[in-house]
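# Coordinates in review
Here is what each chain is made of, one letter per residue.
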Amino acid sequence: ETSYNSWLQYSKITDSPLVDNYSPFLEHVVIPENTEVINSAKEELLCGISSMFGKSLNISTELKKESFIFLGTEDKYEMVKELIGVDLLGQLNNEGYIIKSFESNNSIIIFGKNDKGVLYGVFHLLRLIQTDSSLNNIDIFENPKNQLRMINEWDNMDGSVERGYAGNSIFFEENRFVRDWDRIKDYARMLSSVGINAIAFNNVNVHEVESKLITTEFLPDVAKVASIFRAYGIKTFLSINYASPIQIGGLDTADPLDEKVRNWWKEKTKEIYQYIPDFGGVLVKADSEHRPGPFTYNRTHADGSNMLAEAIEPFGGIVLWRCFVYNCMQDWRDRSTDRAKAAYDHFKPLDGQFKDNVVLQIKNGPMDFQVREGVSPLFGAMPKTNQLLEFQIAQEYTGQQRHVCYLIPQWKEILDFDTYANGEGTPVKSVVDGSQFQYTHCGITAVSNIGNDVNWTGHTLAQANLYGYGRLTWNPDLSSEIITDEWVKATFGTDLDVVSEISDMLLQSWRIYENYTSPLGVGWMVNPEHHYGPNVDGYEYSVWGTYHFADCKGIGVDRTISTGTGYTGQYFPENQTMYESLDTCPDELLLFFHHVPYTHVLKSGKTVIQHIYDTHFEGVEQAEGLKQRWLALEGKIDPTRFRGILERLEHQAEHSKEWRDIINTYFYRKSGIPDEKNRKIY
Ligand code: BDP
């Protein structure tokens, strides 16, 4: 199945003008080392070359005079030192690599400081070929910008996936592990091809069965999965239940300051490491949405996480502690509370109290993965505490992989957002890559969007979000355009029309989705619970704390210091000032920060109400446009993927009308203000 092979298609190359360029390099592969990861690199290279060129490479451990691809690490530096020189070596970090090619003897050197670098280098070389790049004079030097480049699966052991839109779990079924290890291996290949180096494969909501993942009943299976990932340079983490000492340990408390509890975790950790010697650590959702946590015992989140960190420290493990802590049972009649403020209020005062092997995992925004929201003000606000940024690749609020919504441009805006934490020029990416505050552990993680659908992601175009996430996490400075171009070529081939059409469709899609859904940063307006489809007041009178405050006069959440919830005060002064004032708050976030009358005039010159009408009409036209553009590609894409994507685009075009009509009607009725252009509003 083509869609199963995602961006690792390795389609046969027959007509590329570059075949003549490639051929001379493709005779021998020289592999003097023999580690698990190097073997994965070798297997990938052999498979890629044979699939693209119908050619088997000869394998040897000795350098040839010409026509070879060398794969090796620092341990074999002597063999290639003349070719790569000394200078670069010192600059390579643990996962970095160098690729150099020499036309004089048709050779390519892929050199990693460690074996993981070699594997990444092989994937890079295969990507160059898949994207029609010449192999002459390659001179590539790559170090990943982020240390942790992680994936969180929200998979439950009954086989369901929380917020999963692509079938069931590839890890679990019927409360045990699946036996299709090959699929997990293929997933490991996909992840490592874009540089992912860590995974937690069970849901952050850890229920009774999953609590047992850290018992002898399941640890052998966890170890098996960990070994599959290990061969691709990926470390395994588990989400744990904070109340495990009670749940599986038979204790009557999970109080982090209780000696029994502390010892229990120490013993438990020791046991885990007996099964998985390089276990990465634990991921914890505590005191959030009814999950247990230290608050039960009047302890802080520093107490809670440090207790685990102490237990895991002797083994080199880390604790990823989520900051998604808020009151999900607010009294909606008391609207002085603001969910957006919660994470900062809970965690900022604890700066400096966390152990070195605790990392705070912070969602990109203060609410919950909306199509548009502010950037979490916690980034940069805790110079003495390790931070990890959390994205959601799964499109929970952005069309659930039935609508195309390519999130790379959104993530780039977030990574580039200037926090001003160390003055101007302190973007989020420089906080989470550790360079601002010299964090010991940090990076980026994200909720995965895959399941056991043949094409992994339900919507084949949603594969691009997973691909782009990995590439961007490796290097946040890559442009959306470059990432998109790579993905389309590797996935659909290098036909120029195909590449430019699909790339453009993807790059426009976030804005299109935003156009016909919730306007100007206000968020939500989805059906409660499953979060799909429009429902303007779905959460308006609920305890979850997600309001838009629309009435007959106006709309938006006043989060200012002067008259609102005071949320803007959590930003550094420059951002605070920008958001606080109606004059400087960007249009796209206006309703996230301000409550305004429908007649308020935006910077675009339109009133808020007219903006709502216009974007919703326009969004539907654009969604229809996506479908038409896709139809025009018929014959250039294999029929199965063509039809699969077409079906989704057809649904999107239809569903966008429902969004348009419900939102426009709602605001027309509330405001009583007609559309200037007299279009049909029900
Ligand atoms: C929300 C999801 C919920 C997750 C929660 C979380 O709706 O299913 O459990 O986030 O991140 O977005 O913990």
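An unreviewed UniProt entry lists the protein under the name Xylan alpha-1,2-glucuronidase, with Evansella vedderi given as the organism. Under the heading Subunit (unreviewed entry), UniProt records this for the protein: "Homodimer." Entered under Catalytic activity (unreviewed entry) in the UniProt record, the comment concerning the protein runs "Hydrolysis of (1->2)-alpha-D-(4-O-methyl)glucuronosyl links in the main chain of hardwood xylans."

With that settled, the discussion passes to the overall build of the protein. When helices and strands are counted, the protein shows 21 helices and 18 strands. Over its C-alpha trace the protein gives a radius of gyration of 26 Å, about what one expects of a compact globule, namely 26 Å for 682 residues. Projected onto its principal axes, the C-alpha positions of the protein cover 80 × 65 × 50 Å. A burial count over the protein gives 63% of its 682 residues as buried. Within the protein, residue pairs in contact and separated by at least 24 positions form 72% of the contacts whose partners lie at least 6 positions apart. Here the protein displays about 24,400 Å² of accessible surface, and carbon together with sulfur accounts for 48% of that area.

Let us look at the pattern of salt bridges. One pass over the full model with this rule turns up 46 salt bridges. Across the pair Lys116 and Glu95 runs a salt bridge whose closest N-O atoms are separated by 2.8 Å. With Lys116 in helix α5 (residues 115-130) and Glu95 in the loop between α4 (87-91) and β4 (97-102), this residue pair connects regions lying 21 residues apart in the sequence. The salt bridge partner of Glu501 is Arg629, with a shortest N-O separation of 2.9 Å. Here Glu501 is found in helix α17 (residues 496-516), whereas its partner Arg629 is found in helix α20 (residues 608-631), with 128 residues between them in sequence. Glu501 sits in the partly exposed class, given a relative accessible area of 24%. Three or more residues are tied together by salt bridges with common partners; here these are Arg372, Glu413, Arg511, Glu514 and Glu588.

Taking burial as the measure, the six residues of strand β14 (residues 358-363) include six buried ones, the bulk of the element. Along β14, one buried face is formed by Val358, Leu360 and Ile362 and the opposite face, lined by Val359, Gln361 and Lys363, is buried too. Of the pairings in the sheet, the one linking strand β13 (residues 318-322) to β14 comprises four bridges and is parallel in character. When the sheet's bridge partners are listed, Leu320 is paired in β14 with Val359. Following the chain from β13 across helix α12 (residues 342-347) to the adjacent parallel β14, one finds a crossover that is right-handed. Summarising the sheet, β14 and strand β15 (residues 387-392) pair through four bridges and their orientation is parallel. The residue of β15 that forms the bridge with Leu360 is Gln387.

Under the 1.5 Å per step criterion, the end-to-end length of helix α11 (residues 301-312) is 17 Å for twelve residues, consistent within 8% with the ideal 16 Å. When you tally the buried positions in α11, you get ten out of twelve residues, the bulk of the element. Those residues of α11 that fall on the buried side of the exposure criterion are His301, Ala302, Gly304, Ser305, Asn306, Met307, Leu308, Ala309, Ala311 and Ile312. Elements that come into contact with the buried residues of α11 comprise β11 (235-240), α10 (259-275), β12 (281-284), β13, α12 and β14. Capping the start of α11, Thr300 holds a side-chain oxygen 3.1 Å from the backbone nitrogen of Ala302, two or three residues further along.

What follows covers the site of the ligand. Residues in contact with the ligand amount to 14 residues; listed here are only the nearest, Glu162, Lys285, Arg322, Asp368 and Glu396. Here Arg163 contributes a side-chain N or O atom positioned 2.9 Å from an oxygen atom of the ligand. About the coverage of the ligand: the protein hides 97% of its 320 Å² of free accessible area. Looking at side-chain class alone, the shell around the ligand contains four nonpolar, two polar and eight charged residues.

What follows covers the sheet that holds strand β6 (residues 139-142). The sheet built from six strands is open, its strands ordered β2-β1-β3-β5-β4-β6 with mixed pairing. Strand pairing shows two members of the sheet lacking a second neighbour, β2 (58-60) and β6, which therefore form its edges. Direction aside, the axes of adjacent strands within the sheet are offset by 15 degrees on average. Note that β4 and β6 share four bridges and pair antiparallel. Counted as the bridge partner of Ile98 is Phe141 from β6. Where helix α3 (residues 77-84) meets the sheet, it contacts β1 (28-30), β3 (68-73), β4 and β5 (107-112), and its direction lies at approximately 120 degrees from that of β5.

For the rest of this paragraph, the subject is the packing of α5 against helix α6 (residues 181-193). At a minimum axis distance of 9 Å, the contact between α5 and α6 shows a crossing angle of 80 degrees. It follows that α5 is roughly perpendicular to α6 by the angle criterion. For the pair α5 and α6, contact is made by Leu119, Tyr120, Phe123 and Arg127 and by Arg189, Ser192 and Ser193, respectively. Of the residues that constitute the contact of α5 with α6, the class distribution is three nonpolar, two polar and two charged.

Across the six residues that make up β15, a large majority, six, are buried. Two strands pair when backbone bridges link them, and β15 and strand β16 (residues 443-447) are joined in this way by five bridges, in the parallel orientation. Pairing of Gln392 across the sheet is with Val447, part of β16.

What follows deals with the UniProt feature "domain: Alpha glucuronidase N-terminal" (unreviewed entry) in the protein. Feature annotation in UniProt assigns "domain: Alpha glucuronidase N-terminal" (unreviewed entry) to the following positions: residues 7-125. Along residues 7-125 one finds 39% helix and 20% strand; the C-alpha atoms at either end are 14 Å apart.

Locating Thr426 in the fold gives a position in the loop between α13 (408-416) and α14 (428-432). The class for Thr426 is buried, based on a relative accessible area of 0%. Within the local environment of Thr426, its side chain forms a polar contact with the backbone oxygen of Gly423, the two atoms lying 2.6 Å apart.

On to the nonpolar core. Membership of the largest hydrophobic core comes to 205 residues, with the highest contact counts inside it found for Tyr187, Phe229, Ile502, Trp630 and Phe667. Those residues within four positions of Phe229 in sequence are excluded, and the remaining contacts are Phe171, Ile184, Tyr187, Ala188, Leu191, Ile199, Phe201, Ile234 and Thr236. Core analysis: the second largest hydrophobic core is formed by twelve residues, Val30, Phe68, Phe70 and Phe111 among them.

Let us look at the packing of aromatic side chains. The tally for this structure, following the rule as stated, stands at 40 aromatic pairs. Ring geometry for Tyr242 versus Trp321: centroids 5.9 Å apart, planes at 90 degrees, classification edge-to-face. With a gap of 79 residues between them, Tyr242 in the loop between β11 and α9 (244-247) and Trp321 in strand β13 connect regions that are remote in the sequence. The exposure class of Trp321 is buried, given its relative accessible area of 0%. Here a set of aromatic residues connected by ring pairs shows up, and it is made of Tyr4, Phe171, Phe172, Phe177, Tyr187, Phe201, Phe218, Phe229 and Trp456.

Feature annotation in UniProt assigns "domain: Glycosyl hydrolase family 67 C-terminal" (unreviewed entry) to the following positions: residues 457-679. For residues 457-679, the helix share is 52%, the strand share is 2%, and the end-to-end C-alpha distance is 37 Å.

Tracing the backbone through its elements, the reader meets Val404 in the loop between β15 and α13. Val404 sits in the buried class, given a relative accessible area of 5%. Expressed as a C-alpha distance, the spacing of Val404 and Ala623, which sit 219 residues apart in the sequence, is 9.2 Å. Not counting the four nearest positions on each side in its chain, Val404 is found in contact with Gln395, His459, Leu461, Leu506, Ser509, Leu626, Leu649 and Gln652.

So, how was this worked out
Just so you know, the residues in each chain are numbered from 1, in the order the chain's sequence is written. A pLDDT threshold of at least 70 governs which residues receive local features in this predicted model, and a stricter bar of 80 or more applies before side-chain atom pairs are shown or counted, although totals over entire chains, interfaces and linings include all residues. As a rule here, side-chain values cover all heavy atoms of the structure and leave hydrogens and water aside. UniProt positions are given in the numbering used here, feature names are shortened, and annotations may be inferred rather than shown by experiment. Note on conventions: DSSP H or I runs of at least 4 residues are helices, E runs of at least 2 residues are strands, and numbering of each starts at the N terminus. Only the C-alpha atoms count toward the radius of gyration. The rule for a globule is 2.2 Å times the residue count to the power 0.38. Buried, partly exposed and exposed residues are distinguished by accessible area as a fraction of the type maximum, computed with a 1.4 Å probe on protein chains only: under 20%, between the cut-offs, and over 50%, respectively. Contacts are assigned to residue pairs with any non-hydrogen atoms lying within 4.5 Å of each other. Surface exposure here means Shrake-Rupley accessible area, sampled with a 1.4 Å probe, where a residue is shielded only by the protein chains that are shown. Take a side-chain nitrogen of Lys or Arg and a carboxyl oxygen of Asp or Glu: if they are within 4 Å of each other, that pair is a salt bridge. What makes two strands pair is DSSP finding at least two bridges between them. Here a crossover is taken to be right-handed if, once the strands point away from the viewer, the path from the first strand over the helix to the second is traced clockwise. Expected helix span is given by 1.5 Å per residue-to-residue step, counting one fewer step than there are residues. Pairs of N or O atoms are called polar contacts if they sit within 3.5 Å, as long as, within protein, a hydrogen donor faces a hydrogen acceptor (for residues adjacent in sequence, only side-chain-to-side-chain pairs). Any residue with a non-hydrogen atom lying within 4 Å of a molecule or strand is treated as near it. Ten residue types, Ala, Val, Leu, Ile, Met, Phe, Trp, Tyr, Cys and Pro, are classed as nonpolar, four, Asp, Glu, Lys and Arg, as charged, and the remainder, Gly among them, as polar. Inter-axis angles, ranging from 0 to 180 degrees, are taken between N-to-C directions of lines fitted to C-alpha atoms, where helices are fitted over the stretch in contact. Oblique is the label for any angle not covered by the other classes, which are roughly parallel (under 35 degrees), roughly antiparallel (over 145) and roughly perpendicular (65 to 115). Only buried Ala, Val, Leu, Ile, Met, Phe, Trp, Tyr and Cys residues count toward a nonpolar core, and they belong to the same one when joined by side-chain atoms within 4.5 Å. Pairs were defined over the aromatic rings of Phe, Tyr and Trp, the Trp ring being its six-membered one, requiring ring centres within 6.5 Å. Orientation was assigned from the angle between planes: stacked under 30 degrees, edge-to-face over 60, tilted for the rest.

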